[in-house]
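Results of the structural survey
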Amino acid sequence: MSQDNKKATTQTTGHVWDDDLEELDNPLPRWWIWGFYVTFAFAIVYWLFYPAWPVANTYTKGIAGLNNVTYVATKADGTQETKTTHWNMRSKLMVEMNELKAEQKQYFDKVASKSFEEVAKDPELMQFVNSAGKTLFATNCAPCHQAGGQGKVKFSPNLTDDHWQYGGAYENIETTIIAGRNGVMPSFKAILNDEELSQVSSYVLSLSGEPHNADAAKLGDAIFHGDKAGCYACHGADAKGNPAIGSANLTDKIWLWPDVLGAKTPEAKLTEVKTLIYDGMNKGVMPVWGARLKPEQIKLLTVYVHDSLGGGK
Ligand code: HEC
Ligand code: HEC
(Lines give C-alpha, C1' and ligand atoms only; values in the text may rest on other atoms or scores of the structure.)
(Ligands and ions follow the chains in the order given, each with its own letter.)
Protein backbone atom coordinates (compact mmCIF):
# COMPACT_ATOMS: atom_id res chain seq x y z
CA MET A 1 0.00 0.00 0.00
CA SER A 2 1.42 3.38 -0.93
CA GLN A 3 1.75 6.36 1.37
CA ASP A 4 -1.07 8.25 -0.42
CA ASN A 5 -3.57 5.41 -0.22
CA LYS A 6 -3.10 5.14 3.50
CA LYS A 7 -3.72 8.87 3.99
CA ALA A 8 -7.03 8.65 2.15
CA THR A 9 -8.51 5.94 4.42
CA THR A 10 -7.14 6.87 7.87
CA GLN A 11 -7.46 10.13 9.80
CA THR A 12 -4.21 11.38 11.24
CA THR A 13 -3.16 14.43 13.22
CA GLY A 14 -0.77 15.29 10.41
CA HIS A 15 2.31 14.74 12.56
CA VAL A 16 4.96 12.59 10.93
CA TRP A 17 8.19 11.35 12.49
CA ASP A 18 10.99 9.42 10.90
CA ASP A 19 9.40 9.87 7.45
CA ASP A 20 6.54 7.39 7.92
CA LEU A 21 5.58 7.25 11.61
CA GLU A 22 2.16 9.00 11.83
CA GLU A 23 -0.12 9.83 14.72
CA LEU A 24 -3.63 8.44 14.13
CA ASP A 25 -6.70 10.48 15.06
CA ASN A 26 -9.71 8.09 14.90
CA PRO A 27 -13.02 9.27 16.43
CA LEU A 28 -14.10 7.47 19.63
CA PRO A 29 -16.80 4.80 19.12
CA ARG A 30 -20.31 6.19 19.63
CA TRP A 31 -21.28 3.68 22.38
CA TRP A 32 -18.21 4.73 24.32
CA ILE A 33 -19.07 8.42 24.12
CA TRP A 34 -22.63 7.75 25.30
CA GLY A 35 -21.41 5.62 28.14
CA PHE A 36 -19.18 8.49 29.14
CA TYR A 37 -22.11 10.97 29.20
CA VAL A 38 -24.18 8.53 31.26
CA THR A 39 -21.51 8.39 33.97
CA PHE A 40 -21.62 12.22 34.13
CA ALA A 41 -25.38 12.18 34.49
CA PHE A 42 -25.17 9.48 37.16
CA ALA A 43 -22.58 11.42 39.16
CA ILE A 44 -24.74 14.58 39.17
CA VAL A 45 -27.86 12.70 40.28
CA TYR A 46 -25.77 10.93 42.94
CA TRP A 47 -24.42 14.23 44.31
CA LEU A 48 -27.99 15.52 44.57
CA PHE A 49 -29.23 12.53 46.53
CA TYR A 50 -26.35 11.32 48.68
CA PRO A 51 -23.57 12.71 50.87
CA ALA A 52 -20.75 13.60 48.45
CA TRP A 53 -18.62 16.76 48.41
CA PRO A 54 -16.37 17.99 51.21
CA VAL A 55 -17.21 21.60 52.13
CA ALA A 56 -15.03 23.34 54.75
CA ASN A 57 -15.10 20.90 57.68
CA THR A 58 -18.35 19.20 56.71
CA TYR A 59 -19.76 17.90 53.43
CA THR A 60 -22.85 18.07 51.24
CA LYS A 61 -25.52 15.79 52.68
CA GLY A 62 -27.73 15.24 49.63
CA ILE A 63 -31.52 14.81 49.64
CA ALA A 64 -31.24 11.50 51.48
CA GLY A 65 -29.25 13.25 54.17
CA LEU A 66 -32.07 15.70 54.93
CA ASN A 67 -33.67 12.94 57.00
CA ASN A 68 -32.10 12.65 60.41
CA VAL A 69 -31.73 9.17 61.89
CA THR A 70 -31.35 8.23 65.54
CA TYR A 71 -29.50 5.18 66.77
CA VAL A 72 -27.86 3.79 69.88
CA ALA A 73 -24.10 3.34 69.68
CA THR A 74 -21.74 1.63 72.10
CA LYS A 75 -18.74 3.78 72.97
CA ALA A 76 -15.21 2.47 73.42
CA ASP A 77 -15.65 2.33 77.21
CA GLY A 78 -18.72 0.10 76.83
CA THR A 79 -21.32 2.74 77.73
CA GLN A 80 -24.13 3.48 75.30
CA GLU A 81 -25.10 6.79 73.76
CA THR A 82 -28.00 7.83 71.58
CA LYS A 83 -26.88 9.63 68.44
CA THR A 84 -28.90 11.66 65.98
CA THR A 85 -27.26 12.38 62.67
CA HIS A 86 -28.15 12.78 59.02
CA TRP A 87 -28.43 9.77 56.75
CA ASN A 88 -25.17 8.20 55.57
CA MET A 89 -23.89 4.68 55.02
CA ARG A 90 -22.61 4.42 58.59
CA SER A 91 -25.83 5.64 60.22
CA LYS A 92 -27.80 3.36 57.87
CA LEU A 93 -25.72 0.40 59.08
CA MET A 94 -26.11 1.44 62.73
CA VAL A 95 -29.89 1.69 62.37
CA GLU A 96 -30.01 -1.77 60.82
CA MET A 97 -27.82 -3.19 63.58
CA ASN A 98 -30.09 -1.58 66.19
CA GLU A 99 -33.11 -3.22 64.57
CA LEU A 100 -31.36 -6.58 64.53
CA LYS A 101 -30.35 -6.22 68.17
CA ALA A 102 -33.88 -5.24 69.16
CA GLU A 103 -35.20 -8.30 67.39
CA GLN A 104 -32.57 -10.50 69.08
CA LYS A 105 -33.33 -8.93 72.46
CA GLN A 106 -36.99 -9.94 72.14
CA TYR A 107 -35.90 -13.55 71.76
CA PHE A 108 -33.24 -13.36 74.46
CA ASP A 109 -35.87 -11.91 76.83
CA LYS A 110 -38.16 -14.83 76.03
CA VAL A 111 -35.36 -17.32 76.68
CA ALA A 112 -34.58 -15.59 79.98
CA SER A 113 -38.21 -15.61 81.15
CA LYS A 114 -38.94 -19.27 80.39
CA SER A 115 -37.73 -22.48 81.98
CA PHE A 116 -35.19 -24.63 80.13
CA GLU A 117 -37.91 -27.17 79.32
CA GLU A 118 -40.29 -24.50 78.00
CA VAL A 119 -37.58 -23.10 75.71
CA ALA A 120 -36.76 -26.57 74.39
CA LYS A 121 -40.45 -27.23 73.61
CA ASP A 122 -40.99 -23.95 71.73
CA PRO A 123 -40.12 -24.54 68.04
CA GLU A 124 -39.84 -20.82 67.23
CA LEU A 125 -37.52 -20.18 70.17
CA MET A 126 -35.48 -23.28 69.32
CA GLN A 127 -34.90 -21.85 65.85
CA PHE A 128 -33.38 -18.82 67.52
CA VAL A 129 -31.42 -21.01 69.98
CA ASN A 130 -29.98 -22.96 67.06
CA SER A 131 -28.79 -19.94 65.11
CA ALA A 132 -27.68 -17.68 67.99
CA GLY A 133 -26.26 -20.70 69.86
CA LYS A 134 -24.24 -21.72 66.84
CA THR A 135 -22.63 -18.28 66.68
CA LEU A 136 -21.98 -18.08 70.43
CA PHE A 137 -20.58 -21.60 70.45
CA ALA A 138 -18.36 -20.95 67.43
CA THR A 139 -16.84 -17.84 69.03
CA ASN A 140 -16.45 -19.03 72.62
CA CYS A 141 -16.48 -22.80 72.80
CA ALA A 142 -15.43 -24.28 69.45
CA PRO A 143 -11.72 -23.40 69.88
CA CYS A 144 -11.65 -26.18 72.50
CA HIS A 145 -14.74 -28.33 71.96
CA GLN A 146 -14.51 -28.23 68.13
CA ALA A 147 -17.11 -26.82 65.76
CA GLY A 148 -19.71 -29.55 66.25
CA GLY A 149 -18.94 -29.96 69.98
CA GLN A 150 -17.42 -33.39 69.42
CA GLY A 151 -14.31 -32.54 71.49
CA LYS A 152 -10.84 -33.97 71.10
CA VAL A 153 -9.09 -36.78 72.96
CA LYS A 154 -6.51 -35.45 75.47
CA PHE A 155 -7.91 -31.95 75.11
CA SER A 156 -11.64 -31.41 75.67
CA PRO A 157 -14.71 -33.56 76.29
CA ASN A 158 -17.29 -34.47 73.68
CA LEU A 159 -20.51 -32.54 74.33
CA THR A 160 -22.64 -34.46 71.82
CA ASP A 161 -22.78 -37.82 73.59
CA ASP A 162 -24.87 -38.55 76.67
CA HIS A 163 -21.85 -39.06 78.90
CA TRP A 164 -21.41 -36.23 81.38
CA GLN A 165 -18.53 -35.90 83.82
CA TYR A 166 -20.31 -33.10 85.70
CA GLY A 167 -23.89 -34.11 85.01
CA GLY A 168 -25.95 -33.55 81.87
CA ALA A 169 -29.09 -31.92 83.30
CA TYR A 170 -29.74 -28.29 82.27
CA GLU A 171 -28.76 -27.04 85.73
CA ASN A 172 -25.47 -29.02 85.69
CA ILE A 173 -24.50 -27.70 82.26
CA GLU A 174 -25.39 -24.13 83.24
CA THR A 175 -23.27 -24.40 86.40
CA THR A 176 -20.37 -25.79 84.35
CA ILE A 177 -20.52 -22.83 81.97
CA ILE A 178 -20.97 -20.15 84.66
CA ALA A 179 -18.29 -21.34 87.09
CA GLY A 180 -15.96 -23.39 84.89
CA ARG A 181 -14.54 -26.81 85.85
CA ASN A 182 -11.16 -28.18 86.71
CA GLY A 183 -11.21 -31.85 87.59
CA VAL A 184 -8.10 -32.79 89.56
CA MET A 185 -6.75 -36.28 90.03
CA PRO A 186 -3.60 -36.69 92.14
CA SER A 187 -0.43 -38.27 90.81
CA PHE A 188 0.25 -41.80 92.07
CA LYS A 189 3.96 -41.94 91.28
CA ALA A 190 4.90 -41.79 94.98
CA ILE A 191 2.15 -44.17 96.12
CA LEU A 192 2.08 -47.11 93.69
CA ASN A 193 5.08 -48.97 92.27
CA ASP A 194 5.28 -49.95 88.61
CA GLU A 195 3.73 -53.36 89.17
CA GLU A 196 0.83 -51.94 91.15
CA LEU A 197 0.31 -49.30 88.46
CA SER A 198 0.08 -52.07 85.84
CA GLN A 199 -2.36 -54.00 87.99
CA VAL A 200 -4.74 -51.13 88.73
CA SER A 201 -4.55 -50.07 85.06
CA SER A 202 -5.45 -53.63 83.98
CA TYR A 203 -8.43 -53.43 86.31
CA VAL A 204 -9.51 -50.08 84.77
CA LEU A 205 -9.22 -51.61 81.27
CA SER A 206 -11.27 -54.62 82.35
CA LEU A 207 -14.15 -52.35 83.44
CA SER A 208 -15.01 -51.41 79.86
CA GLY A 209 -14.14 -54.72 78.23
CA GLU A 210 -10.74 -53.69 76.84
CA PRO A 211 -8.11 -56.42 76.43
CA HIS A 212 -6.31 -56.95 79.75
CA ASN A 213 -4.42 -59.47 81.86
CA ALA A 214 -7.10 -61.05 84.08
CA ASP A 215 -4.75 -61.99 86.94
CA ALA A 216 -3.29 -58.52 87.11
CA ALA A 217 -6.78 -56.99 86.95
CA LYS A 218 -7.85 -59.04 89.97
CA LEU A 219 -4.99 -57.62 92.02
CA GLY A 220 -5.79 -54.20 90.58
CA ASP A 221 -9.38 -54.52 91.82
CA ALA A 222 -8.05 -54.78 95.38
CA ILE A 223 -5.81 -51.73 94.87
CA PHE A 224 -8.70 -49.72 93.40
CA HIS A 225 -10.92 -50.50 96.39
CA GLY A 226 -8.13 -50.39 98.97
CA ASP A 227 -7.20 -47.43 101.11
CA LYS A 228 -3.60 -47.05 99.95
CA ALA A 229 -4.64 -45.69 96.54
CA GLY A 230 -8.25 -44.93 97.41
CA CYS A 231 -9.43 -44.70 93.80
CA TYR A 232 -12.91 -45.71 94.92
CA ALA A 233 -13.19 -42.62 97.14
CA CYS A 234 -13.37 -40.42 94.06
CA HIS A 235 -14.53 -42.74 91.29
CA GLY A 236 -17.03 -44.64 93.46
CA ALA A 237 -16.98 -48.31 94.46
CA ASP A 238 -18.79 -49.08 91.19
CA ALA A 239 -16.20 -46.92 89.32
CA LYS A 240 -19.01 -44.97 87.68
CA GLY A 241 -17.65 -41.61 88.73
CA ASN A 242 -19.02 -38.74 90.79
CA PRO A 243 -20.46 -35.74 88.94
CA ALA A 244 -19.86 -33.47 91.92
CA ILE A 245 -16.08 -33.64 91.41
CA GLY A 246 -16.06 -34.70 87.76
CA SER A 247 -14.27 -37.98 88.40
CA ALA A 248 -14.76 -39.92 85.19
CA ASN A 249 -16.97 -42.94 84.74
CA LEU A 250 -14.41 -45.72 84.15
CA THR A 251 -16.94 -48.34 83.08
CA ASP A 252 -17.97 -46.79 79.75
CA LYS A 253 -16.08 -46.75 76.49
CA ILE A 254 -15.46 -43.02 76.63
CA TRP A 255 -11.91 -41.93 77.34
CA LEU A 256 -10.85 -38.33 77.55
CA TRP A 257 -7.26 -38.28 78.82
CA PRO A 258 -5.77 -41.73 78.11
CA ASP A 259 -6.24 -42.44 74.39
CA VAL A 260 -7.29 -46.03 74.96
CA LEU A 261 -9.43 -46.31 71.83
CA GLY A 262 -6.68 -44.83 69.65
CA ALA A 263 -3.98 -47.17 71.02
CA LYS A 264 -3.52 -50.12 68.66
CA THR A 265 -2.15 -52.86 70.93
CA PRO A 266 -3.12 -54.05 74.44
CA GLU A 267 0.34 -52.95 75.64
CA ALA A 268 -0.20 -49.45 74.25
CA LYS A 269 -3.62 -49.23 75.93
CA LEU A 270 -2.08 -50.27 79.25
CA THR A 271 0.65 -47.64 78.86
CA GLU A 272 -1.92 -44.91 78.19
CA VAL A 273 -3.82 -45.66 81.42
CA LYS A 274 -0.66 -46.21 83.46
CA THR A 275 0.80 -42.90 82.35
CA LEU A 276 -2.34 -41.04 83.40
CA ILE A 277 -2.41 -42.63 86.86
CA TYR A 278 1.33 -42.09 87.29
CA ASP A 279 1.14 -38.39 86.31
CA GLY A 280 -2.29 -37.58 87.70
CA MET A 281 -4.47 -35.06 85.92
CA ASN A 282 -4.51 -31.34 86.39
CA LYS A 283 -4.54 -29.99 82.87
CA GLY A 284 -7.74 -29.48 80.87
CA VAL A 285 -9.46 -26.51 82.43
CA MET A 286 -12.96 -25.46 81.46
CA PRO A 287 -12.84 -21.64 81.75
CA VAL A 288 -15.27 -19.52 83.77
CA TRP A 289 -17.86 -17.78 81.58
CA GLY A 290 -20.02 -16.17 84.27
CA ALA A 291 -18.15 -12.87 83.96
CA ARG A 292 -17.73 -12.93 80.20
CA LEU A 293 -21.19 -13.86 78.91
CA LYS A 294 -24.56 -12.45 79.92
CA PRO A 295 -26.91 -14.71 81.93
CA GLU A 296 -29.32 -14.99 78.99
CA GLN A 297 -26.46 -15.95 76.65
CA ILE A 298 -25.36 -18.67 79.08
CA LYS A 299 -28.93 -19.91 79.38
CA LEU A 300 -29.24 -20.04 75.60
CA LEU A 301 -25.90 -21.89 75.31
CA THR A 302 -27.07 -24.37 77.95
CA VAL A 303 -30.13 -25.23 75.88
CA TYR A 304 -27.95 -25.31 72.75
CA VAL A 305 -25.53 -27.81 74.32
CA HIS A 306 -28.32 -29.86 75.90
CA ASP A 307 -30.74 -29.99 72.95
CA SER A 308 -29.10 -28.79 69.73
CA LEU A 309 -25.84 -30.67 70.20
CA GLY A 310 -28.05 -33.45 71.38
CA GLY A 311 -26.29 -34.94 74.38
CA GLY A 312 -28.45 -33.66 77.22
CA LYS A 313 -29.92 -35.79 79.95
C1 HEC B 1 -9.96 -23.49 76.88
C2 HEC B 1 -10.72 -24.61 76.38
C3 HEC B 1 -12.22 -24.59 76.60
C4 HEC B 1 -13.16 -23.66 76.19
C5 HEC B 1 -12.90 -22.37 75.45
C6 HEC B 1 -14.43 -24.17 76.60
N7 HEC B 1 -14.29 -25.37 77.23
FE8 HEC B 1 -15.79 -26.50 78.01
N9 HEC B 1 -14.40 -27.79 78.77
C10 HEC B 1 -13.04 -27.74 78.54
C11 HEC B 1 -12.38 -28.81 79.27
C12 HEC B 1 -10.89 -29.11 79.26
C13 HEC B 1 -13.39 -29.51 79.96
C14 HEC B 1 -13.20 -30.68 80.91
C15 HEC B 1 -12.85 -30.14 82.26
C16 HEC B 1 -12.53 -31.23 83.24
O17 HEC B 1 -12.63 -32.40 82.90
O18 HEC B 1 -12.18 -30.89 84.37
C19 HEC B 1 -14.65 -28.85 79.60
C20 HEC B 1 -15.89 -29.24 80.05
C21 HEC B 1 -17.10 -28.73 79.61
C22 HEC B 1 -18.40 -29.24 79.97
C23 HEC B 1 -18.66 -30.41 80.91
C24 HEC B 1 -18.70 -31.70 80.16
C25 HEC B 1 -19.10 -32.86 81.03
O26 HEC B 1 -18.88 -34.00 80.59
O27 HEC B 1 -19.65 -32.66 82.12
C28 HEC B 1 -19.34 -28.48 79.32
C29 HEC B 1 -20.85 -28.62 79.37
C30 HEC B 1 -18.62 -27.49 78.56
N31 HEC B 1 -17.27 -27.68 78.76
C32 HEC B 1 -19.21 -26.52 77.77
C33 HEC B 1 -18.52 -25.45 77.22
C34 HEC B 1 -19.16 -24.31 76.60
C35 HEC B 1 -20.66 -24.13 76.40
C36 HEC B 1 -18.15 -23.46 76.23
C37 HEC B 1 -18.29 -22.10 75.56
C38 HEC B 1 -18.99 -21.08 76.33
C39 HEC B 1 -16.89 -24.08 76.61
N40 HEC B 1 -17.16 -25.27 77.20
C41 HEC B 1 -15.66 -23.51 76.36
C42 HEC B 1 -12.38 -26.82 77.77
C43 HEC B 1 -12.95 -25.67 77.25
C1 HEC C 1 -9.04 -37.12 94.34
C2 HEC C 1 -9.96 -37.84 93.49
C3 HEC C 1 -9.41 -38.92 92.58
C4 HEC C 1 -8.68 -40.05 92.96
C5 HEC C 1 -8.21 -40.46 94.34
C6 HEC C 1 -8.50 -40.79 91.73
N7 HEC C 1 -9.05 -40.16 90.67
FE8 HEC C 1 -9.03 -40.79 88.73
N9 HEC C 1 -9.89 -39.05 88.17
C10 HEC C 1 -10.34 -38.06 89.03
C11 HEC C 1 -10.89 -36.98 88.24
C12 HEC C 1 -11.50 -35.69 88.80
C13 HEC C 1 -10.73 -37.33 86.89
C14 HEC C 1 -11.13 -36.52 85.66
C15 HEC C 1 -10.07 -35.49 85.40
C16 HEC C 1 -10.49 -34.52 84.32
O17 HEC C 1 -11.27 -34.88 83.45
O18 HEC C 1 -9.97 -33.39 84.35
C19 HEC C 1 -10.09 -38.65 86.88
C20 HEC C 1 -9.78 -39.35 85.72
C21 HEC C 1 -9.34 -40.66 85.71
C22 HEC C 1 -9.13 -41.44 84.51
C23 HEC C 1 -9.31 -40.96 83.08
C24 HEC C 1 -10.69 -41.27 82.57
C25 HEC C 1 -10.96 -40.71 81.19
O26 HEC C 1 -11.94 -41.15 80.58
O27 HEC C 1 -10.22 -39.86 80.72
C28 HEC C 1 -8.72 -42.68 84.92
C29 HEC C 1 -8.36 -43.85 84.03
C30 HEC C 1 -8.66 -42.65 86.36
N31 HEC C 1 -9.04 -41.40 86.80
C32 HEC C 1 -8.29 -43.73 87.14
C33 HEC C 1 -8.01 -43.62 88.51
C34 HEC C 1 -7.41 -44.67 89.30
C35 HEC C 1 -7.05 -46.04 88.80
C36 HEC C 1 -7.25 -44.18 90.57
C37 HEC C 1 -6.57 -44.83 91.75
C38 HEC C 1 -5.24 -45.25 91.52
C39 HEC C 1 -7.80 -42.82 90.56
N40 HEC C 1 -8.25 -42.53 89.30
C41 HEC C 1 -7.85 -42.01 91.67
C42 HEC C 1 -10.30 -38.06 90.40
C43 HEC C 1 -9.62 -39.01 91.15
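Labelled according to an unreviewed UniProt entry, the chain appears under the name Cbb3-type cytochrome c oxidase subunit, originating from Candidatus Methylopumilus turicensis. According to its UniProt record, the chain has this under Subcellular location (unreviewed entry): "Cell inner membrane". In UniProt, the chain has this text filed under Pathway (unreviewed entry): "Energy metabolism; oxidative phosphorylation."

This paragraph deals with the site of ligand 1. Near ligand 1 you find 23 residues, and of these Cys141, Cys144, His145, Gly183 and Met286 are the closest. The separation between a nitrogen atom of ligand 1 and a polar side-chain atom of His145 is 2.8 Å. Contact between ligand 1 and Gln165: an oxygen atom at 2.8 Å from a main-chain N or O atom of the residue. Broken down by secondary-structure element, the contributors of at least two residues to the shell around ligand 1 are helix H6 (142-145), helix H7 (170-179) and helix H12 (295-308). The dominant element in the shell around ligand 1, judged by the number of residues it contributes, is H7, at three residues. Looking at side-chain class alone, the shell around ligand 1 contains 15 nonpolar, eight polar and no charged residues.

Donor atoms from the polypeptide that bind the iron atom of ligand 1 are His145 (NE2) and Met286 (SD), placed at 2.0 to 2.1 Å. Owing to a relative accessible area of 10%, His145 belongs among the buried residues under this scheme.

Taken together, 26 residues form the shell around ligand 2, and within it Gln165, Met185, Cys231, Cys234 and His235 come nearest. In the environment of ligand 2, an oxygen atom lies 2.7 Å from a nitrogen or oxygen atom belonging to the side chain of Gln165. A distance of 2.7 Å is found between an oxygen atom of ligand 2 and a side-chain nitrogen or oxygen belonging to Trp257. Elements represented by at least two residues in the shell around ligand 2 include exactly helix H8 (194-207), helix H10 (231-235) and helix H11 (266-279). With three residues, H10 is the largest single contributor of residues to the shell around ligand 2.

Another aspect to go through is the packing of H8 against helix H9 (residues 214-225). Relative to each other, H8 and H9 sit at 95°, their axes nearing to 7 Å. With respect to H9, the element H8 is oriented roughly perpendicular. From H8, Glu196, Gln199, Val200, Ser202, Tyr203 and Ser206 reach across to H9, where they touch Ala216, Ala217, Leu219, Gly220, Asp221, Ile223, Phe224 and His225.

Three- or four-residue spacings in an α-helix give side chains the same orientation, since the helix completes a turn every 3.6 residues. Of all the positions in H7, only Tyr170, Ile173, Thr176 and Ile177 are classed as buried. Along the long axis of H7, the arc covered by the buried residues comes to 130°, so they all point the same way. Buried positions along H7 lie against helix H4 (116-121) and H12. Two residues or fewer after H7 comes Gly180, characterised by a positive phi angle close to 75°.

Now for the side chain of His86. With respect to the helices and strands, His86 occurs in strand S6 (residues 80-86). Given the relative accessible area of 13%, His86 is considered buried. Apart from residues lying up to four places away in sequence, His86 is in contact with Tyr59, Lys61, Gly65, Asn67, Asn68, Val69 and Ser91.

On to the UniProt feature "binding site: heme c 1" (unreviewed entry) in the chain, then. UniProt feature "binding site: heme c 1" (unreviewed entry): in the numbering of this structure it lies at Cys141, Cys144, His145 and Met286. In sequence the annotated residues extend across 146 residues, while in space they remain close, none of their C-alpha pairs exceeding 10.1 Å. Its place among the elements puts Cys141 in the loop between helix H5 (123-140) and H6. For Cys141, a relative accessible area of 14% corresponds to the buried category. In contact with Cys141, not counting residues within four places along its chain, are Leu136, Gln146 and Leu301. A residue is classified by how much of its surface remains accessible, and Cys144, at 33% relative accessible area, is partly exposed. In this view, Cys144 contacts Phe155 and Ser156; residues no more than four positions away in its chain are not counted.

Taking the numbering used here, the UniProt-annotated feature "domain: Cytochrome c" (unreviewed entry) corresponds to residues 128-208 and 215-309. Span residues 128-208 is 51% helix and 0% strand, its end C-alpha atoms 39 Å apart. As a span, residues 215-309 carries 46% helix and 0% strand, and end to end its C-alpha atoms are 41 Å apart.

About the cut-offs
- Residues numbered from 1 in each chain as written.
- Chains lettered and ligands numbered in written order.
- Predicted model: local features only at pLDDT ≥ 70, side-chain atom pairs only at ≥ 80, totals over all residues.
- Heavy atoms only, no water.
- UniProt positions renumbered as here; feature names shortened; annotations may be inferred.
- Near = heavy atom within 4 Å.
- Polar contact = N/O pair within 3.5 Å; in protein donor to acceptor, adjacent residues only side chain to side chain.
- Helix = DSSP H or I, 4+ residues; strand = E, 2+ residues; numbered from the N terminus.
- Nonpolar A, V, L, I, M, F, W, Y, C, P; charged D, E, K, R; others polar.
- Donors = N, O, S within 2.8 Å, 3.2 Å for Na, K, Ca; no water.
- Buried < 20%, exposed > 50% of the residue type's maximum accessible area, 1.4 Å probe, protein only.
- Axes fitted to C-alpha atoms, helices over the stretch in contact; angles between N-to-C directions.
- Parallel < 35°, antiparallel > 145°, perpendicular 65-115°, else oblique.
- Contact = heavy atoms within 4.5 Å.
- Arc of directions from axis to C-beta.

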